[in-house]
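# Chains, contacts and geometry: an overview
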Amino acid sequence: MRVAITSIILAITLALVFSLPALAQDSATITITMIGLNEISITLDKTEWSLGEVASNTEYETSPSIEWCTLTVQGTCNVNTFIVGDDAKWVDNPNDYKWTLSNDGSNGEHIYGLWFRISGDTEANGRGYVPITKTQSEFWPYPGGPGSSLAPGDTKQFGLRLLTPTYFYSGRQMQTQITISAAAA
């Protein structure tokens, strides 16, 4: 987008260069005001959670549990944020074996649950841990929740909880991806 905006600015500048001598004779002043597009940018201070060996049918939480990672809005506009998960795949052969991500946070044979929880967000004020699914859902703000969009410079801390499958093939390194995205509010 910046390349396109720069090209527009250059085109306007070149057009004005050819007009300036004529305008200078009339002693006129030209003011051009341009408003750029909103820049949407978020960062996370943690991008990996390495658990090592895990047992079946066991819950694991990040440490600290709900202040583990900090999301920061670094763009120029207010944003709403979204989260989506994926199946966990065997690192050595991703097409051969996977754990399916549950659609409600529960687990089963080769099915795992994954949740997130935003610091300060309790069941008393709207929700506690929220399942991460393969369908994009609101991270912040969320429908009916006690918040609004995030402004430039705002932060939210959160943590993750994993519930391993009730049965899985051991000795395989599994890996999944969680995507947090932002859109202008």
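Nothing here was measured: the structure is a model prediction, and the numbers come from that model. (Residues numbered from 1 in each chain as written. Predicted model: local features only at pLDDT ≥ 70, side-chain atom pairs only at ≥ 80, totals over all residues. Heavy atoms only, no water.)

## What to know about the side chain of Ser102
Position of Ser102 relative to the elements: it lies in the loop between β6 (98-101) and β7 (111-118). Overall, Ser102 belongs to the buried group, its relative accessible area being 5%. A polar side-chain atom of Ser102 sits 3.1 Å from the main-chain carbonyl oxygen of Ser106. In contact with Ser102, not counting residues within four places along its chain, are Ile111, Tyr112, Gly113, Ile132 and Thr133. (Helix = DSSP H or I, 4+ residues; strand = E, 2+ residues; numbered from the N terminus. Buried < 20%, exposed > 50% of the residue type's maximum accessible area, 1.4 Å probe, protein only. Polar contact = N/O pair within 3.5 Å; in protein donor to acceptor, adjacent residues only side chain to side chain. Contact = heavy atoms within 4.5 Å.)

## Considering the sheet that holds strand β9 (residues 137-140)
What the three strands build is an open sheet, ordered β9-β4-β12; its pairing is antiparallel. Only two strands of the sheet have a single partner each, and these edge strands are β9 and β12 (179-184). With direction set aside, neighbouring strand axes in the sheet form an average angle of 40 degrees. Sheet topology note: the strand β4 (residues 79-84)/β9 ladder contains three bridges and is antiparallel. Across the sheet, the residue bridging to Phe82 is Glu138, located in β9. (Pairing = 2+ DSSP bridges. Axes fitted to C-alpha atoms, helices over the stretch in contact; angles between N-to-C directions.)

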